[in-house]
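Each chain, written out:
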Amino acid sequence: MAKHHHTGKEGEALAAKYLVASGFSILHTNWRYARYEIDIIAEKDEILHFIEVKTRRSDTYGMPEEAVSDKKLESLYSAADRYMEAYPGWHRIQFDILSIRLRRANTEYFFIEDVAL
């Protein structure tokens, strides 16, 4: 497995732990439909959260959250539409980004809630 894939998987595992510690219930990880994928689908306070996780080991290519492009958000919205067809009944949904910076001494989390194009 390429190093960036390993970093991504590590970040998603850390993200799930972070979210649970923050009061979220994880419903799905790496939920897929056709070519779409949602990193984490979680619930908190009766709000359904579609969460894109971005992880970096250095700042060479910018902050992790900067890697979420408009195209990626559009893909996330399309995947969420498919999810809502499969699991109807949610009245409130939200799109979030969880940015993780892996440092030698610590891990830094930056949770951006309710993002939109």
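Along each chain, residues carry numbers from 1 onward, in the same order as the chain's sequence is written. Totals for whole chains, interfaces and linings use all residues, but because this is a predicted model, local features are given only for residues with pLDDT of at least 70 and pairs of side-chain atoms are given and counted only at 80 or more. Heavy atoms from the whole structure form the basis of all side-chain values; hydrogens and water molecules are not counted.

**Digging into the packing of aromatic side chains**
Describing an aromatic ring pair means giving the distance of the ring centres and the angle of the ring planes. Note on aromatic pairs: the rings of Phe, Tyr and Trp (six-membered ring only in Trp) are paired at centre separations within 6.5 Å, and the planes decide the class, stacked below 30 degrees, edge-to-face beyond 60, tilted for the rest. Per the stated rule, a full pass over the model turns up eight aromatic pairs. Considering the side-chain rings of Trp-31 and Tyr-83, the 5.1 Å spacing of their centres and the 80° angle between planes classify their relative orientation as edge-to-face. Residue Trp-31 is found in strand β1 (residues 25-33), and its partner Tyr-83 is found in helix α2 (residues 70-86); the two are separated by 52 residues along the sequence. An angle of 25° between the planes, with centres 5.4 Å apart, marks the rings of Phe-50 and Phe-95 as stacked. Of this pair, Phe-50 sits in strand β3 (residues 47-56) while Phe-95 sits in strand β4 (residues 93-102); the two residues are 45 residues apart in sequence, bridging distant segments of the chain. Put simply, the rings of Trp-31, Tyr-33, Phe-50, Tyr-77, Tyr-83, Tyr-87 and Phe-95 pair up and form one aromatic cluster. Secondary structure is summarised from DSSP: a helix means a run of H or I of at least four residues, a strand means a run of E of at least two, and numbering begins at the N terminus for each.

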